Amino acid sequence: MIKNKIADDSARAGERKSVFKTLTSKLLAIYVPLVTIAATILFLILEVIFYQEERDQLVGSVNSVASIQSAAFQAAVWEYDVDQVRRLLGDLELIPHLQGAVVFDSSDKIMAQVGDIESKPEIPEFKVDKALIYSPSGTEETIGRFVLTFHSRQIWLGVIEHLKVNAIILLVMVASLVASTMFAVHIVIGRPLDHLRRGIERAREVSVRTPVPWESSDELGQVVRAYNEMQKNEEAAEREVKKYQENLEALVEERTREVEHKSALLEAVLGSMNQGLVAYDDKLTLIISNEKFKEIRDVPDELAQPGASFVDWIRYDAERGEFDEGDPELITQKKVEQAKRFVTHDFERTRPNGIVMEIAGGPLPDGGFVSTFTDSTERKKAEQQLTDAYDIISSSFDYASRIQRSV
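Within every chain, residues take consecutive numbers counted from 1 along the sequence as written. Totals for whole chains, interfaces and linings use every residue, but because this is a predicted model, local features are given only for residues with pLDDT of at least 70 and side-chain atom pairs only at 80 or more, for both listing and counting. For side-chain calculations, the full set of non-hydrogen atoms in the structure is used, while hydrogens and water are omitted.

**Student:** Before we go on, may I ask you to explain the packing of helix H2 (residues 23–78) against helix H3 (residues 82–92) in this structure?
**Tutor:** The relative placement of two packed helices is expressed as an angle between their axes plus a distance between the axes. Axes here mean lines fitted to C-alpha atoms, for a helix over just the part in contact, with angles spanning 0 to 180 degrees between N-to-C directions. Helix and strand assignments come from DSSP, with helices taken as H or I runs of at least 4 residues and strands as E runs of at least 2, each series counted from the N terminus. With their axes 9 Å apart at the nearest point, H2 and H3 run at an angle of 165° to one another. It follows from the interaxial angle that H2 and H3 lie roughly antiparallel. As for how H2 packs across H3, the hand of that crossing is right-handed. Residues Val65, Gln69, Ala72, Phe73, Ala76 and Val77 of H2 pack against Gln84, Val85, Leu88, Leu89 and Leu92 of H3. By the definition adopted for this analysis, an angle is roughly parallel if under 35 degrees, roughly antiparallel if over 145, roughly perpendicular if from 65 to 115, and oblique otherwise. Crossing chirality is assigned from the near helix's rotation relative to the far helix, an anticlockwise turn below a right angle marking it left-handed and a clockwise turn marking it right-handed. In what follows, a contact means two residues having at least one pair of non-hydrogen atoms within 4.5 Å.

Structural data, given as structure tokens:
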């Protein structure tokens, strides 16, 4: 059970990895962050503009209120009607942006106040300080001050509400982007790629090349057309290669028959020879030999097979005393140096077993040499017998001649 669970987890992990390797995931990995960043920057810029406009509008409206209210406060302060001042300040508490308001008399003492007048406003523009001027007889006289401060909490609440709406809009945009990207990739890219993939798999599995059924004027269409053209070219090339192979096989078969025929003739010729024959190339490697060679020279099969080394043959003979007495390695080195001259040779040598050989040969056109070995033992015996008979007859004639002279 544990193994099955691990296998299932591995399979799911593999699926997740494959999902993240798709074109759709790669495009979304680019599009979603870019769109999110761009939309976020745009919304922030719009909210900054909104805040600045609302703030400027608030400053203007509060200044207007302060100008209007200062006229109402002038009569109440002139008459030093504290209750009236308080009522007027109470009306200002209905303003949502109000932070605090205070009225001072001419000696800068507080007559009445509402809200928070101790805290500093967020910015200097959020404070209005109006002098209360009264002119009962045509001459202006400063009778006090009216100070009004306000805040931008309502504006920030509006900004937050906008940001919530913007977040919803952004989520809708991202969802729409994901859906449209998936749909577009499937329609524009996925289908032709699927056709192309199936064509490639079919060609790989069953070795059948079929054109991909997709036509379009975009880049994928060009790729599909190039793939179809490549398949046609490969089929044509395979037909040419197959035709060439068939011709080559026929030629090889014909040449093989010729070589086999020539080899059979050569073997028949070599086998019918009364002489031993051996040929070595320029590397002193055995090219060919016949049975008569092995018989006359009494060498093992491995030294008479094509590919055998001349050096090994000479060393074998030297070690078994085929040549003069002495160090086998020195004898081998001397014989090899003589053979490397590749010159015409013709000589006679008696083996330790009494067999007399006539050895003749010469160089090959491309290097190396060929030698023949003729067993002359019987001929030499016959010649010796003739010589011995001739000597006997000659002695008889000489003896008869001496007898006749003596008589």
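There's more to say after this.
**Student:** What exactly am I supposed to notice about the packing of aromatic side chains here?
**Tutor:** To describe a pair of aromatic rings, one takes the distance between the centres and the angle between the planes. Stacked, tilted and edge-to-face are the three classes assigned to paired rings of Phe, Tyr and Trp, where Trp is represented by its six-membered ring and a pair needs centres within 6.5 Å; plane angles under 30 degrees give stacked, over 60 edge-to-face, the rest tilted. All chains considered together, the criterion is met by 13 aromatic pairs. Ring centres of Phe310 and Trp313 lie 5.7 Å apart, and the angle between their planes is 80°; on these two criteria the pair is classed as edge-to-face. Remark: Trp313 and Phe310 occur in helix H7 (residues 310–319); sequence separation between them is three residues, near one turn of the helix. Throughout, exposure labels follow a simple rule: accessible area from a 1.4 Å probe, protein chains only, divided by the maximum for the residue type, with under 20% read as buried, over 50% as exposed, and the rest as partly exposed. Classification of Phe310 by relative accessible area gives buried; the value is 6%. In textbook terms, an aromatic cluster arises when at least three aromatic residues are bridged by ring pairs, as seen for Tyr280, Phe293, Phe310, Trp313, Phe342, Phe369 and Phe373. For Arg145, the ring lying beneath its charged end belongs to Phe104, and the centroid distance is 4.4 Å. Note on geometry: a ring has a charge over it if NZ (lysine) or CZ (arginine) is within 6 Å of the ring centre and within 35 degrees of the ring normal.

**Student:** Is there a simple way to think about the layout of surface pockets in this case?
**Tutor:** Two kinds of site are reported from a 1 Å grid over the protein atoms alone, namely cavities, where a 1.4 Å probe fits but cannot get out, and pockets, open sets with protein on both sides within 12 Å along at least five of seven lines, and residues are called lining when an atom falls within 4 Å of a point. Grid points are joined across faces, edges and corners, and a volume is the space filled by probe spheres set on the points. Here the largest pocket is characterised by a volume of approximately 480 Å³. Counting residues per element, the ones that place at least two in the lining of the largest pocket are H7, helix H8 (328–339), strand E7 (345–350) and strand E9 (369–375). Partitioning the lining of the largest pocket into residue classes produces 12 nonpolar, three polar and four charged. Note that Gly is not counted as nonpolar here; it falls among the polar residues with everything else outside the nonpolar set of Ala, Val, Leu, Ile, Met, Phe, Trp, Tyr, Cys and Pro and the charged set of Asp, Glu, Lys and Arg.

Bear in mind that shape data such as this cannot, by itself, settle questions of function.
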